[in-house]
Amino acid sequence: MNRRTFLLSAAGSLAALALPVLSSSSQASSAHTLPPLPYADNALEPVISARTIGFHYGKHHKAYLDNLSKLTAGRDYADLSLEDVITRSAKQAGDAAIFNNAAQLWNHTFYWRSMRPNGGGTPPQALREKIEASFGSVDACKQLLAGAAISQFGSGWAWLAQDGDKLRVVKTGNADNPITSGLTPLLNVDVWEHAYYLDYQNRRADYVNAVLDKLVNWEFAQQNLKA
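Here goes a summary of the coordinates provided. Please read these numbers as outputs of a predicted model, since none were measured by experiment.

**Notes on the overall build of the protein**
Piece 1. Check the secondary structure of the protein and you find 10 helices and three strands.
Piece 2. Counting only residues that meet the buried cut, the protein has 43% of its 227 residues in that class.
Piece 3. Sequence-distant contacts, at least 24 apart, represent 69% of the contacts inside the protein between residues at least 6 apart.
Piece 4. Just so you have it, the protein exposes about 11700 Å², and 52% of that area is on carbon and sulfur atoms.

**Description of the packing of aromatic side chains**
Centre distance and the angle of the planes are the two values used to describe a pair of aromatic rings.
Piece 1. A full pass over the atoms with the stated rule returns 10 aromatic pairs.
Piece 2. Note on Trp157 and Trp159: the rings are 6.0 Å apart at their centroids and 40° apart in plane angle, and the pair reads as tilted. Each member of the pair, Trp157 together with Trp159, is buried.
Piece 3. An aromatic cluster of three or more residues is present, and its members are Tyr57, Trp106, Phe110, Tyr111, Trp112, Trp157, Trp159 and Phe220.

**Quick word on the packing of helix α6 (residues 125–135) against helix α7 (residues 138–151)**
Piece 1. Two elements in contact, α6 and α7, have axes whose closest approach is 8 Å; the angle formed by their N-to-C orientations is 75°. It follows from the interaxial angle that α6 and α7 lie roughly perpendicular. Listed contacts from α7 to Arg128, Ile131 and Phe135 of α6 are Val138, Ala140, Cys141 and Leu144.

**Some thoughts on α6**
Residue pairs spaced three or four apart in an α-helix point in one direction, given the helix's 3.6 residues per turn.
Piece 1. The complete set of buried residues in α6 reads Leu127, Ile131 and Phe135. Viewed along the axis of α6, the buried residues span an arc of 40°, placing them on a single side of the element.
Piece 2. On the buried face of α6, the contacting elements are α7, β1 (156–163), β2 (166–173), β3 (184–190) and α10 (218–223).
Piece 3. Of the residues flanking the end of α6, it is Gly136, one or two places downstream, whose phi is positive at about 100°.

**Quick look at unusual backbone geometry**
Piece 1. The step from Glu45 to Pro46 runs through a cis peptide bond, and the omega angle for that step is 5°.
Piece 2. Note that Pro46 resides in the loop between α2 (24–28) and α3 (50–72).
Piece 3. We note that Asn118 has phi near 55°; this positive angle belongs to a residue other than glycine.
Piece 4. Structurally, Asn118 is set in the loop between α5 (96–113) and α6.
Piece 5. Since its relative accessible area comes to 69%, Asn118 is described here as exposed.
Piece 6. Positive phi is not limited to glycine here, since Asn174 has a value of about 55°.
Piece 7. Among the secondary structure elements, Asn174 is positioned in the loop between β2 and β3.
Piece 8. For Asn174, a relative accessible area of 46% gives the class partly exposed.

What counts and how
Residues numbered from 1 in each chain as written. Predicted model: local features only at pLDDT ≥ 70, side-chain atom pairs only at ≥ 80, totals over all residues. Heavy atoms only, no water. Helix = DSSP H or I, 4+ residues; strand = E, 2+ residues; numbered from the N terminus. Buried < 20%, exposed > 50% of the residue type's maximum accessible area, 1.4 Å probe, protein only. Contact = heavy atoms within 4.5 Å. Areas by Shrake-Rupley, 256 points an atom, 1.4 Å probe, with all protein chains shown as cover. Phe/Tyr/Trp six-rings, centres within 6.5 Å; stacked < 30°, edge-to-face > 60°. Axes fitted to C-alpha atoms, helices over the stretch in contact; angles between N-to-C directions. Parallel < 35°, antiparallel > 145°, perpendicular 65-115°, else oblique. Arc of directions from axis to C-beta.

Okay, here's the thing in structure tokens:
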């Protein structure tokens, strides 16, 4: 073997060693990812601290992805969109764990986008007209959202959702999601304790009202409207 042949052979061997070996589980779970936050960890302060974001996004949200990847490895769920995983697993009694983790992965991604720095204020026109037609006023809508979030017993979510031509405020327990009821989610508020306990302890109402007054992303809600 001459020097040139040896060097080419060695380079090929090193390249092969450098390539990651994908297991069947990592290949199967590739369709489900943890999207990056749409803002910096500290962008929602002082309403939600960087410390809370660090635990909530970096630990809780990521755990749902990790669990889902393990649960769906080698199954046809791994090749479905997250929405399809949610709707299919919701109808299968034996797949409650898959539903819980898929829905929580989706719900949290939606939650981060339901807020923005310097949010709140007046919704854009198309959404405002829908809100006024459905609830009478933006303030009435916010009061219903706050009421749903504060009164949800235990862990869960409050949602502004579209039901045909009308908007509705609904609340769901644990991982439940309006998608399974045929509704179109527009925005949500997380009322699991890990969403607020580091900053507000047991004062859920203070957290909810601060989110709706200062962070709610009406523009995102309008983008989710269906004609």
